Amino acid sequence: MSCNYADGLSPYLNKGILGAKEKFDDEEVVDEKCATLAEMITSSKHVVIHTGAGISTAAGIPDFRGPNGVWTLEEKGEKPSINISFEDAVPTKTHMAIKALIESGHVKYIVSQNIDGLHMKSGIAREHLSELHGNIFVENCNKCRTQYVRTTPAPTVGQKPTGGVCKGRGKQRACRGGALIDNILDWEHDLPDKDMDLAYSHSCLADLNICLGSTLQINPSGGLCLKNKKFNGKLVICNLQPTKHDKKADLVISSYVDVVMEKVMKRLGIEIPNYSPDDDPTKKGDTDIDWTIQQEKVKELEKIYNAKVKGTKKRKAFTYSWDMIDMKKEELKKLKLEKQQKKEKEEEKVKEEEKMKEEEKVKEEEKVKGEEKVKEEEKVKGEEKVKEEEKVKKEEKLKEEEKEEKEKEKEK
Ligand SMILES: [Zn+2]
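Residues numbered from 1 in each chain as written. Predicted model: local features only at pLDDT ≥ 70, side-chain atom pairs only at ≥ 80, totals over all residues.

Looking at the pairing of strand S4 (residues 134–141)
So, step 1. Buried residues dominate S4, accounting for eight of its eight residues.
So, step 2. As paired elements, S4 and strand S7 (residues 179–184) share four bridges and run antiparallel to each other. Following the sheet pairing, asparagine 140 is matched in S7 by isoleucine 181.
So, step 3. Sheet topology note: the S4/strand S5 (residues 147–149) ladder contains three bridges and is antiparallel. Bridge pairing in S5 places glutamate 139 opposite tyrosine 148.
So, step 4. Joining the antiparallel neighbours S4 and S5 is a turn of five residues, in which arginine 145 adopts a positive phi near 65°. (Buried ≥ 20, exposed ≤ 12 C-beta atoms within 10 Å, placed from the backbone. Helix = DSSP H or I, 4+ residues; strand = E, 2+ residues; numbered from the N terminus. Pairing = 2+ DSSP bridges.)

Remarks on the sheet that holds S7
So, step 1. The four strands lie next to each other as S5-S4-S7-S6, forming an open sheet whose pairing is antiparallel. Strands at the two margins of the open sheet, each flanked by one partner only, are S5 and strand S6 (161–165). Across the sheet, the mean angle from the axis of one strand to that of its neighbour is 40°, orientation sign disregarded. (Axes fitted to C-alpha atoms, helices over the stretch in contact; angles between N-to-C directions.)

Side note on helix H6 (residues 193–205)
So, step 1. Here H6 spans 18 Å end to end across 13 residues, near enough to the 18 Å set by a 1.5 Å rise per residue.
So, step 2. Listing the buried residues of H6 in full gives Asp195, Leu198, Ala199, Ser201, His202, Ser203, Cys204 and Leu205.
So, step 3. Elements in contact with the buried residues of H6: strand S1 (47–51), strand S2 (109–112), strand S3 (129–131), strand S8 (208–212) and helix H8 (295–308). (Expected span 1.5 Å × (residues − 1). Contact = placed C-beta atoms within 7 Å.)

Details of the UniProt feature "binding site: Zn(2+)" (unreviewed entry) in the chain
So, step 1. UniProt annotation of "binding site: Zn(2+)" (unreviewed entry) refers to Cys141, Cys144, Cys166 and Cys175 when read in the numbering used here. These annotated residues cover 35 residues of sequence, and their C-alpha atoms all fall within 9.0 Å of one another, placing them together at a single site.
So, step 2. In this fold, cysteine 166 is placed in the loop between S6 and S7.
So, step 3. Ignoring any residue separated from it by four or fewer positions in sequence, one finds cysteine 166 in contact with Cys141, Lys143, Cys144, Thr146, Cys175, Gly178 and Leu180.
So, step 4. By secondary structure assignment, the location of cysteine 175 is in the loop between S6 and S7. (UniProt positions renumbered as here; feature names shortened; annotations may be inferred.)

Observations regarding the nonpolar core
So, step 1. Counting residues in each nonpolar core, the largest one holds 59 residues, and the members touching the most others are Ile49, Val236, Cys238 and Val260.
So, step 2. When neighbours within four sequence positions are excluded, isoleucine 49 is seen to be in contact with Ile98, Val107, Ile110, Ile210 and Leu212. (Core = buried A, V, L, I, M, F, W, Y, C linked by C-beta atoms within 7 Å.)

A few points about the confidence of the model for the chain
So, step 1. In this model, the chain carries a mean pLDDT of 89, and residues with pLDDT of at least 70 account for 92%.
So, step 2. Contacts of residues 313–328 to residues separated by more than four positions or lying in other chains number 19 contacts, the stretch itself having pLDDT below 50. (pLDDT = per-residue confidence, 0-100.)

A word on the pairing of S8
So, step 1. Among the five residues in S8, five count as buried, and that is most of the element.
So, step 2. Neither face of S8 is left uncovered, since the one carrying Leu208, Ile210 and Leu212 and the one carrying Asn209 and Cys211 both have all their residues buried.
So, step 3. Two strands pair when backbone bridges link them, and S1 and S8 are joined in this way by five bridges, in the parallel orientation. Bridging across to S8, valine 48 finds its partner in asparagine 209.

Things to note about unusual backbone geometry
So, step 1. The omega torsion across asparagine 219 and proline 220 is 0°, close enough to zero to call that bond cis.
So, step 2. Position of proline 220 among the secondary structure elements: in the loop between S8 and strand S9 (234–238).
So, step 3. Even without being a glycine, arginine 145 presents a positive backbone phi close to 65°.
So, step 4. One can find arginine 145 in the loop between S4 and S5.
So, step 5. Positive phi, normally seen in glycine, also occurs at leucine 216, with a value near 55°.
So, step 6. Along the chain, the position of leucine 216 falls in the loop between S8 and S9.

Describing the sheet that holds S3
So, step 1. Taking strand neighbours across the sheet as the criterion, the six strands line up as S3-S2-S1-S8-S9-S10 in an open arrangement whose pairing is parallel. Every interior strand has two partners, whereas the edge strands, S3 and strand S10 (251–253), have only one. On average, adjacent strands in this sheet sit at an angle of 15° to one another, irrespective of strand direction.
So, step 2. Where S8 meets S9, five bridges bridge the pair, whose relative direction is parallel. The residue bridging isoleucine 210 from the neighbouring strand is valine 236, located in S9.

Describing the environment of valine 259
So, step 1. Within the secondary structure, valine 259 is located in helix H7 (residues 257–268).
So, step 2. Taking the C-beta count within 10 Å as the criterion, valine 259 has 16 such neighbours and is therefore assigned partly exposed.
So, step 3. Between the C-alpha atoms of valine 259 and aspartate 31, which are 228 residues apart in sequence, the distance is 9.8 Å.

What follows is the structure, encoded as structure tokens:
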């Protein structure tokens, strides 16, 4: 089962925000936003798509932090009910749309956090894809670093030996006997160099970064989409839950990624191809298919990066003349109004509380005053009583003395 791979990772407490409430834009809003996104794609020169677990849920692979995500449920002591095996999972509409966008030249590069291998299965060429957290259908040689496509999911996770031996073909012939390890990163592992280098450079060079199905909480993967911001690049986020970078995005679409991609592709006039096992390297029955990123590709991009980005001044701002800006203004207005109303309410509440406190204070003071008055009265009464008693005593004493004197006189 596909979620079981998460059990194989080391325990890790900080899993970020889990199970945040999903949000859905109205259908009309989704239509408008998709039209905007399609326009942004056609007017951009370097589009990079960043993908997370949210694009594979439609394939039956549970995500991690969604309402029914592996870790959201783990907290409640539950397991996802929808859970296909990696072997049976096939690429979704979104995976297939991305493949078509790469092939039509609309999109230059894919940066994925997914280990399910569905981008590979869609038939995307390796030179267009970084798999930052690994791929369950890939084995690495621990000696020569060659990557091989597996026909079945790896039996282990966390870069452990799978039992295979490197065949060391072609240039790598010198490597005989390197052990094969799985390609799934555990929490403490560094991200794969070449995947990371390419992902970083492409993210900086992108005039448009599009994030699909990720809450962008894992670093560094989740932060790459912001790398073009200082060069005036744009950011579009499509996710059901709020993400870490929504505030920095030029456009946020809250809808199912498959729905968004269908609408965008229709606008672009590109058909979404069906999944074909013929294009799926895991279905070719060949365990020698090379999945290694060629070092030349990294060098090539490094040159472009150095020429275009490194040490250059900020790029001129891209100007967008469509609804997006108005929509943003509207959204801002709405947010501002909500904020103001909230502030007013809070102020009113504070005033109310202060008024109540004041009233209580007055009551308390009155009570104290009343008590003091009573005490004073009691004191006065007490004093009067004492005086009265003393007077009585004095009179009695006088009477006594008179009596004694009278008796003395009688004796005389
Ligand atoms: Zn090797």
